[in-house]
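Chain residues, written in single-letter form:
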Amino acid sequence: TVGTPSAACVSPGGVADGNGETLFDTAALCCAKKFSFMDGDLCEARSVGNYTNLYYMDYTTEGDKCTKDCDPASADPACGGSPGDLSVKLFADATSCCSEKLGWADQAQCVAESNGVAYNGTESYYIDWSVTKCAKDCEGAAPCGGLADKWMTTYASAADCCAVLKWVDPNECLIA
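In this text the structure is predicted, and so the values were computed from the model without any measurement. (Residues numbered from 1 in each chain as written. Predicted model: local features only at pLDDT ≥ 70, side-chain atom pairs only at ≥ 80, totals over all residues. Heavy atoms only, no water.)

J.: Break down the sheet that holds strand S5 (residues 125–128) for me, with residues and values.
T.: Here we have 3 strands laid out as an open sheet, ordered S6-S5-S7, and antiparallel in their pairing. Each edge of the sheet is formed by a strand with only one pairing partner; in this case those strands are strand S6 (133–136) and strand S7 (154–155). Relative to S6, S5 runs antiparallel, the two sharing 4 bridges. In the sheet register, aspartate 128 faces S6, and the bridge partner there is lysine 133. (Pairing = 2+ DSSP bridges. Helix = DSSP H or I, 4+ residues; strand = E, 2+ residues; numbered from the N terminus.)

Structure follows, in structure tokens:
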């Protein structure tokens, strides 16, 4: 559990705000009245010392990913603890969070990393202009050429990629 922070409603029906105690029938009513700036799920979870298991954009972490509000000591690699910014918007899943908060980032990579899974590329092909050859969007041995940048044009197959490099011998088109 997260412990009862200073900005939370406490059971039974009180609000701990440092200014005295006002009673409410439920934590939901208390949260709506006293902490309307905070997502209701976040307020209620904090009030009972739990996590929401929802995703949020944590601007204090590195990388283009969302963080899951859950116990960082758990076995779930996506868990990053409760948000430090109590006014943060929460999302049901990493896909929604990545789409709304990191729309400019590679969505597949954002979702994978937000879920604590290593991103291994799309398996499509792109042109590595430094060697004028096609490379597979993946990590590892050739024909993998590393992860493609979001701005790179990708192709469904090696043949489609090689067709763009008309001046390169098709037998020499792929990174080896």
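J.: So what about helix H3 (residues 94–101)? Which residues, and what values?
T.: For H3, every residue scored as buried is listed here: Ala94, Cys97 and Cys98. One side of H3 holds all its buried residues, which, seen down the axis, span an arc of 95°. Where H3 is buried, its residues touch strand S3 (55–56) and helix H4 (107–114). Residue aspartate 93 occupies the N-cap position of H3, its side-chain oxygen lying 3.3 Å from the main-chain nitrogen of threonine 95. (Buried < 20%, exposed > 50% of the residue type's maximum accessible area, 1.4 Å probe, protein only. Arc of directions from axis to C-beta. Contact = heavy atoms within 4.5 Å. Polar contact = N/O pair within 3.5 Å; in protein donor to acceptor, adjacent residues only side chain to side chain.)

J.: Talk me through the packing of H3 against H4; I want residue IDs and the actual numbers.
T.: In a packed pair of helices, the relevant descriptors are the angle between the two axes and the axis-to-axis distance. Packing of H3 against H4 brings their axes to within 9 Å, and their N-to-C directions diverge by 130°. In terms of orientation, H3 lies oblique with respect to H4. Note that H3 runs across H4; the crossing there is right-handed. Touching Ala94, Thr95, Cys98 and Ser99 of H3 are Gln107, Cys110, Val111 and Ser114, all from H4. Of the residues that constitute the contact of H3 with H4, the class distribution is 4 nonpolar, 4 polar and no charged. (Axes fitted to C-alpha atoms, helices over the stretch in contact; angles between N-to-C directions. Parallel < 35°, antiparallel > 145°, perpendicular 65-115°, else oblique. Left-handed = near helix turned anticlockwise from the far one by under 90°. Nonpolar A, V, L, I, M, F, W, Y, C, P; charged D, E, K, R; others polar.)

J.: Any details on helix H2 (residues 40–47)? Residues and values, ideally.
T.: Every buried residue belonging to H2 is among Leu42, Cys43, Ala45, Arg46 and Ser47, and all of these are buried. For H2, the capping residue at the N-terminal end is aspartate 39, with a side-chain oxygen 2.8 Å from the backbone nitrogen of aspartate 41.

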